[in-house]
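Structural characterization, general
Below, each chain spelled out in residue letters.
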Amino acid sequence: MKKILVLGSLSTDFVAITDRRPNVGETVQGNEFFTTFGGKGANQAVAAARLNSNVVMLGKVGVDSFGEDILENLRKNSVDVKCVESVTSVSSGAALITIADSDNSIVYVPGANGKVDGEYVRKNKDTIEACDIAIAQNEVSEDAIEVLAEICIEAKIPFILNPAPYRELKASILEKATYLLPNESECKLLYPDLSIEEAVAKHPNKLVVTMGSKGVFFNDGKESHLVETFKVDAVDTTGAGDTFIGGFATGLVNNLSLEDSIILGNLSASESVTKMGAQGGMPRLEELKNNKN
Ligand code: ATP
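Let me sum up the structure you'll find in this document. (Residues numbered from 1 in each chain as written. Predicted model: local features only at pLDDT ≥ 70, side-chain atom pairs only at ≥ 80, totals over all residues. Heavy atoms only, no water.)

Attention now goes to the sheet that holds strand 1 (residues 3–7). An order of 6-4-1-10-11-12 is seen for the six strands of this open sheet, with the pairing classed as parallel. Looking at the sheet topology across the chains shown, the edges are occupied by strand 6 (79–80) and strand 12 (179–180). (Pairing = 2+ DSSP bridges. Helix = DSSP H or I, 4+ residues; strand = E, 2+ residues; numbered from the N terminus.)

Structural data, given as structure tokens:
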């Protein structure tokens, strides 16, 4: 069975819901507390694995109970974590989220995710070369992404780069990506002098822009297309982009065309927004088969 390699971040969200945010030095009583698993890397790995893809994860956690839980969650979702390293010097990645009056404030600590470097990726070259497609996002170092891109080019493995969250990357890395998948606002930051229409026309069969409830925009070399997503009652769009990428990669690795892979991404992501939570809403293949034609 073909394999998808995901290089990326692994973290836990610690969420407190309160009526009012504390002032400096103040303690307020919260109403609710819960934890969820996140990190764009982990989310994309789980999204693809839920669609029965064979997924291998590259990333790092700390030597703490949060790291153990992160790994256990990935294993439960059938993601291969044998190459994920535990590092002693820092904590596992964590986001401390306070929700008051429906507004978020977030302290994000990259922790072990900040230790994912080019040397670690190079060390896992054989594992990468045994995969059929690779994915990375912007929550690990530029060096790590660059080494992955180079290994993929050498081994002729398609490389999907999701430049999220936005940060400046070397032009040479963007060039090495086989597919570049920003959302609308990331696309505007990547190509500030171009409209979305002009940007996709300049990068045919490569730049695939997710546009929320509108769907996905790309150019097939002849013309640009908006591939509409499925109409649903959305309750929580957190992780929609990650779910899309899991579906898109699953399509490509199963030899679907670019457009059909986008449709599978739309199908999976539109289903995910009907449920709460990033990983919580990611559908299994059977659900998609049951719910849509
Ligand atoms: P997030 O940061 O929340 O993970 P994103 O900004 O990276 O999301 P979007 O472009 O908002 O990504 O959404 C990704 C995909 O999810 C869309 O291309 C579409 O397929 C699906 N999607 C998002 N919102 C909706 C919606 N309201 N209805 C149907 N599909 C949706």
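Turning our attention to the sheet that holds strand 14 (residues 216–219). If you trace the three strands from one edge of the open sheet to the other, you get 13-14-15, paired in antiparallel fashion. Pairing within the sheet leaves two strands with one partner each, and these edge strands are strand 13 (209–210) and strand 15 (224–227). Contacts from helix 10 (residues 258–272) reach strand 14 and strand 15 within the one sheet, and its direction differs from that of strand 14 by about 170°. (Contact = heavy atoms within 4.5 Å. Axes fitted to C-alpha atoms, helices over the stretch in contact; angles between N-to-C directions.)

Here the focus is the site of the ligand. Taken together, the neighbourhood of the ligand is formed by 19 residues, with Asn-183, Thr-210, Gly-212, Thr-237 and Asn-266 sitting nearest. A distance of 2.9 Å separates an oxygen atom of the ligand from a polar side-chain atom of Thr-210. Gly-241 is positioned with one of its backbone polar atoms (N or O) 2.9 Å from an oxygen atom of the ligand. In isolation the ligand exposes 630 Å². Once the protein is present, 81% of that is buried. In this structure the site holding the ligand corresponds to the second largest pocket. For the shell around the ligand, the secondary-structure elements that each account for two or more residues are helix 9 (240–253) and helix 10. (Near = heavy atom within 4 Å. Polar contact = N/O pair within 3.5 Å; in protein donor to acceptor, adjacent residues only side chain to side chain. Areas by Shrake-Rupley, 256 points an atom, 1.4 Å probe, with all protein chains shown as cover. 1 Å grid on protein atoms, 1.4 Å probe; cavity = no way out; pocket = protein on both sides within 12 Å on 5 of 7 lines; lining within 4 Å. Sits in = over half its atoms within 2 Å of the grid points.)

Positionally, Asn-138 belongs in the loop between strand 10 (133–137) and helix 5 (142–155). Given a relative accessible area of 5%, Asn-138 falls into the buried group. Reaching out from Asn-138, the side chain makes a polar contact with the backbone oxygen of Pro-165 at a distance of 3.1 Å. (Buried < 20%, exposed > 50% of the residue type's maximum accessible area, 1.4 Å probe, protein only.)

To continue, consider the pattern of salt bridges. A side chain with one charge can pair with a side chain of the opposite charge if their charged atoms come near. Applying the stated criterion across every chain, the model contains twelve salt bridges. Linking Asp-80 and Lys-82 is a salt bridge whose minimum nitrogen-to-oxygen distance equals 3.4 Å. Judged by relative accessible area, which is 24%, Asp-80 ranks as partly exposed. Put simply, Lys-60, Glu-85 and Lys-123 are held in one network by salt bridges that share partners. (Salt bridge = Lys/Arg side-chain N within 4 Å of Asp/Glu carboxyl O.)

With that settled, consider the layout of surface pockets. Approximately 810 Å³ is the volume found for the largest pocket. Looking at the largest pocket, it is lined by 30 residues, and the ones nearest its centre are Asp-13, Thr-36, Ile-97, Thr-238 and Ala-278. Listing elements by their share of the lining of the largest pocket, those giving two or more residues are strand 2 (11–18), strand 3 (32–38), helix 1 (40–50), strand 8 (93–100) and strand 9 (103–109). Looking at the lining of the largest pocket, the element that brings in the most residues is strand 3, giving five residues. Broken down by class, the residue content of the lining of the largest pocket amounts to twelve nonpolar, twelve polar and six charged. (Points joined across faces, edges and corners; volume = space filled by probe spheres on them. Nonpolar A, V, L, I, M, F, W, Y, C, P; charged D, E, K, R; others polar.)

The next point concerns the packing of aromatic side chains. For the structure shown, the criterion picks out three aromatic pairs. Pairing Tyr-179 with Phe-248 gives two aromatic rings, centres 5.7 Å apart and planes at 85°, and the pair type is edge-to-face. Taken together, the positions of Tyr-179 in strand 12 and Phe-248 in helix 9 put the pair 69 residues apart, joining distant regions of the chain. Ring geometry for Phe-244 against Phe-248: centres 5.9 Å apart, planes inclined by 15°, an arrangement best described as stacked. Note that Phe-244 and Phe-248 are positioned in helix 9 at a spacing of four residues, about one turn of the helix. Here Phe-244 matches Phe-248 in class, with each residue buried. Within the aromatic cluster, the residues linked to one another by ring pairs are Tyr-179, Phe-244 and Phe-248. (Phe/Tyr/Trp six-rings, centres within 6.5 Å; stacked < 30°, edge-to-face > 60°.)

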